[in-house]
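# Fold and geometry: a report
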Amino acid sequence: MKRIGILTSGGDAPGMNAAIRAVVRKAIFEGMEVYGINYGYAGLVAGDIRKLSVSDVGDKIQRGGTFLYSARYPEFGSEEGQLKGIEQLKKFGIEGLVVVGGDGSYMGARALTKHGFPAIGLPGTIDNDIPGTDFTIGFDTSINTVLESIDRIRDTATSHERTFIIEVMGRGAGDIALWSGIAGGAEQVIIPEVDFNMEEVAAKIQEGRDRGKKHSLIVVAEGVMSGNEFADELAKYGDFHARVTVLGHVQRGGSPTAKDRVLASRFGVRAVELLKEGKGGLCIGIRDNKIIASDIVDTLENGKHRIDLDLYDLSKQISF
Ligand code: ATP
């Protein structure tokens, strides 16, 4: 394969730029050409495509977001949209495609593969909710952003002897809550993967108070319920003066951490190696610190993201 394309799709994540840079640099290193597609599948169908040079990806590795922009484009769910996309790829002489995004974006890559066009998915989302990998690009940056907020909230929580509820992102996955909660020393972490009992949550806060504890930090994943709903429910079990912080989109921005940049670089390089060999229909991931490639159709149909429940048990044993 001599000419490949790359697009970013779905929600942006810090480290996407590092992935694009790695794909471009590795491809050029291998004597291949790379075309950048703006605005995800929307730009693909519209033909918003240009050749990327070594310098186009210069000074990008440290930037959050994606310089190729991202978009939601439901029309790509239809065969008509997909075939239009393939027509554009062929028009530009592109023989393979790298898609950086979440599971929705993987569906687009899978559709292209089913039509015989080799596409490779790279997991890019802060939510860490993609099957076929232990970690996604952007997750590490996001949990560090959340951690910084938890540390700040802890200062004020201690000063005022209050219970703080911190709502974090993650869609249906509790990874952001779990990792940031453990790192931030939260007293309780509430995630969608494990049922919780509000009476026990309240009892735990009370036990802490009885021991003279000045504050209680509870990290709630958005997939469980909103922070405000959680506070309202908790209020039914006692007077906890709970204050709610909804971190929102700050969790998606910022300069990627070293870990995310290295992960994105490793993923990008692997994608190019596979496309160079003419292989498509795969998604890249990391398992036990090894870069792996799995069948994208099988991963989407049978794979399921699994939160690390051992880590959840650990959090239960050290958070009180
Ligand atoms: P995030 O999880 O960060 O939101 P995502 O990739 O899951 O990212 P989606 O909005 O679900 O985000 O999907 C991104 C884009 O992928 C869609 O706007 C659409 O263009 C394409 N896409 C989603 N589902 C399909 C599908 N079933 N077939 C083809 N393309 C799809």
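Summarised in this report is the structure supplied together with it. Everything numeric in this text was worked out from a predicted model, so none of it was measured.

### A word on the sheet that holds strand E4 (residues 96–101)
- Strands sit in the order E3-E2-E1-E4-E5-E10-E11 across an open sheet of seven strands; the sheet is mixed. Of all the strands in the sheet, just strand E3 (49–52) and strand E11 (290–295) have a single pairing partner and so form its edges. Adjacent strand axes in the sheet meet at a mean angle of 30° when their direction is disregarded.
- Two strands pair when backbone bridges link them, and E4 and strand E5 (residues 119–123) are joined in this way by five bridges, in the parallel orientation. When the sheet's bridge partners are listed, Leu 97 is paired in E5 with Ala 119.
- In this fold helix H9 (residues 258–276) packs onto strand E1 (3–8), E4, E5, strand E10 (282–287) and E11, with an angle of close to 140° to the strand it touches most, E10.

### Let's talk about the site of the ligand
- Close contacts around the ligand come from 17 residues, with Arg 72, Tyr 73, Gly 102, Gly 104 and Ser 105 the closest.
- The separation between an oxygen atom of the ligand and a polar main-chain atom of Gly 11 is 3.3 Å.
- Between Ser 105 and the ligand, the recorded distance is 2.4 Å, taken from a side-chain N or O atom to an oxygen atom.
- In terms of residues, the shell around the ligand owes the most to one element, helix H4 (residues 103–114), which gives five residues.
- Tallied by class, residues from the shell around the ligand come to four nonpolar, ten polar and three charged.

### Topic: the nonpolar core
- Judged by nonpolar contacts, the single largest core of 55 residues is most densely connected at Ile 6 and Leu 122.
- With residues near it in sequence (within four places) discarded, Leu 122 still touches Ala 19, Val 98, Val 99, Val 100, Gly 101, Tyr 106, Phe 267, Gly 268, Ala 271 and Ile 284.

### A look at the environment of Ile 190
- Looking at where Ile 190 falls in the secondary structure, it is placed in strand E7 (residues 188–190).
- Of the residues examined, Ile 190 reaches a relative accessible area of 4% and is grouped as buried.
- As for Ile 190 and Ser 319, which are separated by 129 residues in sequence, their C-alpha atoms are 12 Å apart.

### Digging into helix H5 (residues 139–160)
- Between the first and last C-alpha of H5 there are 31 Å, a value that for 22 residues agrees with the 32 Å anticipated at 1.5 Å per step.
- Phi turns positive one or two residues past the end of H5, at Glu 161, with a value near 50°.

### Concerning the side chain of Gln 251
- If you trace the backbone, Gln 251 turns up in the loop between strand E9 (243–246) and H9.
- Here Met 169 takes part through its backbone nitrogen, which lies 2.8 Å from a polar atom of the side chain of Gln 251.
- Once residues lying within four places of it in the same chain are set aside, the contact partners of Gln 251 are Ile 126, Ser 142, Thr 145, Val 146, Glu 167, Val 168, Met 169 and Ile 176.

### Details of the packing of aromatic side chains
- Within the structure shown, the criterion is met by seven aromatic pairs.
- Plain terms: the ring middles of Tyr 39 and Tyr 69 are 4.8 Å apart, the flat faces sit at 10° to each other, and that makes the pair stacked. One end of the pair, Tyr 39, is in the loop between strand E2 (33–37) and helix H2 (40–46); the other, Tyr 69, is in the loop between E3 and helix H3 (79–91), with 30 residues separating them in the sequence.
- A residue is classified by how much of its surface remains accessible, and Tyr 69, at 44% relative accessible area, is partly exposed.
- Between Phe 196 and Phe 230, the ring centres sit 5.6 Å apart and the planes meet at 35°, which makes this aromatic pair tilted.

The rules behind these values
- Throughout this description, residue numbers start from 1 for each chain and increase along the sequence as written.
- In keeping with the model being predicted, local features are shown solely for residues with a pLDDT of at least 70 and side-chain atom pairs are shown and tallied solely at 80 or more, while totals for entire chains, interfaces and linings include all residues.
- Neither water nor hydrogens contribute to the side-chain values; these are computed over all heavy atoms in the structure.
- Any two strands between which DSSP finds at least two bridges are classified as paired.
- We count a stretch as a helix when DSSP gives it H or I for four or more residues in a row; a strand needs E for two or more, and each element gets its number in order from the N terminus.
- Here an angle of 0 to 180 degrees is reported between the N-to-C directions of two axes, which are lines fitted to C-alpha atoms, with helices fitted over the stretch in contact.
- Two residues form a contact once any of their heavy atoms are found within 4.5 Å.
- Summary of the distance rule: residues count as near a molecule or strand when at least one heavy atom falls within 4 Å of that molecule or strand.
- In the analysis that follows, any N or O atom pair within 3.5 Å is treated as a polar contact, provided that within protein one partner can donate a hydrogen and the other can accept it, and provided that, for residues neighboring in sequence, both atoms belong to side chains.
- Side-chain classes are defined by residue name, with Ala, Val, Leu, Ile, Met, Phe, Trp, Tyr, Cys and Pro counting as nonpolar, Asp, Glu, Lys and Arg as charged, and the others, Gly among them, as polar.
- Grouping buried Ala, Val, Leu, Ile, Met, Phe, Trp, Tyr and Cys residues that are joined through side-chain atoms within 4.5 Å yields what is termed a nonpolar core.
- With a 1.4 Å probe rolled over the protein chains alone, any residue whose accessible area is under 20% of its type maximum counts as buried; one over 50% counts as exposed, and the rest are partly exposed.
- Here the expected span of a helix is defined as 1.5 Å times the quantity of residues minus one.
- For Phe, Tyr and Trp, rings pair up if their centres lie within 6.5 Å, where Trp contributes its six-membered ring, and each pair is then called stacked (planes under 30 degrees apart), edge-to-face (over 60) or tilted (otherwise).

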